[in-house]
Amino acid sequence: MKKKEARFENQIQEATHHKLTEYLDELFEKPYLDPGNQHFYIQYGTTVLEISNEPYGPEESVVTIMSYCVQGVEVEESLLRGLLALNHSIPFGAFSLVGSDIFFSHSLFGRTVTRSNLITAIAAIATVADDYDDEIVAKWGGQTALERIRETGGLHERASRSRSS
């Protein structure tokens, strides 16, 4: 992974960042660390995950594992009701809608992150997103994250195109 001097608001956030770097390097072939926001990006099956580590008070951090589920969906009342019903029935994590993009995410306290609970959370988030993305696209349109990456070339490709422009 690319190394850049990161700024941390507390010791737990810094220690958690180092643990995430170590664990993701061990668990995934090509994890990407965005130097701009210090978020990690990985592909797990057909899902793209963003893993952030944000301060939470003076002595904690929160690691959020977020899946880019569907992008460019048709926002309708039936979709909103469907996502709320899924949030009620799924035992962990939650769907969210930002603009016309649907995400699925779950958070862990940084102090408690271990290799085991990180990979378990990653697998669970990716599985739920993968289980529902095609169903959402079929009913409300849009593209799955993997379709979007194939169309746009992904984060690395877009970044290199913008640097060379």
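Conventions and cut-offs
Residues numbered from 1 in each chain as written. Predicted model: local features only at pLDDT ≥ 70, side-chain atom pairs only at ≥ 80, totals over all residues. Heavy atoms only, no water. Helix = DSSP H or I, 4+ residues; strand = E, 2+ residues; numbered from the N terminus. Areas by Shrake-Rupley, 256 points an atom, 1.4 Å probe, with all protein chains shown as cover. Salt bridge = Lys/Arg side-chain N within 4 Å of Asp/Glu carboxyl O. Buried < 20%, exposed > 50% of the residue type's maximum accessible area, 1.4 Å probe, protein only. Patch = residues over 30% accessible without salt bridge, like charges linked within 9 Å, V, L, I, M, F, W, Y side chains within 5 Å. Lys, Arg positive; Asp, Glu negative; His and termini not counted. Charge placed at Lys NZ, Arg CZ, Asp CG, Glu CD. Expected span 1.5 Å × (residues − 1). Arc of directions from axis to C-beta. Pairing = 2+ DSSP bridges. Polar contact = N/O pair within 3.5 Å; in protein donor to acceptor, adjacent residues only side chain to side chain.

(A) Examining the overall build of the protein chain more closely. Summing up its helical and strand segments, the protein chain has five helices and seven strands in all. Overall, the protein chain shows an N-to-C arrangement of helices and strands of α-β-β-β-β-α-β-β-α-β-α-α. Total accessible area on the protein chain stands at roughly 9300 Å², and carbon and sulfur atoms take up 51% of it.

(B) Summary view of the pattern of salt bridges. Within this structure, the stated rule accounts for five salt bridges. One salt bridge connects Arg 111 with Glu 60, and the closest N-O pair in it is separated by 3.3 Å. Pair noted here: Arg 111 is in the loop between strand E6 (101–109) and helix H3 (115–140) and Glu 60 is in the loop between strand E3 (47–55) and strand E4 (61–71), with a separation of 51 residues, a long-range link. For Arg 111, a relative accessible area of 46% gives the class partly exposed. For Glu 60, a relative accessible area of 12% translates into the label buried. A salt bridge links Glu 77 to Arg 81, with the shortest nitrogen-to-oxygen separation between them at 2.7 Å. Of this pair, Glu 77 and Arg 81 both sit in helix H2 (residues 77–89), four residues apart, roughly one helical turn. Look at Glu 77 and you get exposed, because its relative accessible area is 52%.

(C) Spotlight on a negative patch on the surface. Negative charge collects at one region of the surface, where Asp 130, Asp 131, Asp 134 and Glu 147 lie side by side. Looking at which element gives the most residues to the negative patch, the answer is H3, with three residues. With respect to the element layout, Glu 147 can be found in helix H4 (residues 145–152).

(D) How the structure looks around H2. Taking 1.5 Å per residue, 13 residues should reach 18 Å; H2 reaches 19 Å between its end C-alpha atoms and fits that length. Here H2 has its buried residues at Leu 79, Leu 83 and Leu 86. Along H2, the residues classed as buried sweep out an arc of 60 degrees about the axis, all on the same side. Looking at H2, the residues exposed on the side facing more than 90 degrees away from the buried face are Glu 77, Arg 81, Leu 84, His 88 and Ser 89.

(E) Geometry of the pairing of E6. Where E4 meets E6, eight bridges bridge the pair, whose relative direction is antiparallel. In the sheet register, Met 66 faces E6, and the bridge partner there is Ser 105. Linkage of strand E5 (residues 94–98) to E6, two consecutive antiparallel strands, is achieved through a turn of two residues, within which Gly 99 is found at a positive phi near 65 degrees.

(F) Representation of the side chain of Gln 13 within the structure. Mapped onto the secondary structure, Gln 13 falls in helix H1 (residues 11–27). By relative accessible area, Gln 13 is classed as buried at 6%. A distance of 2.8 Å separates a polar atom in the side chain of Gln 13 from the backbone nitrogen of Glu 9.

By themselves these figures say nothing about function.
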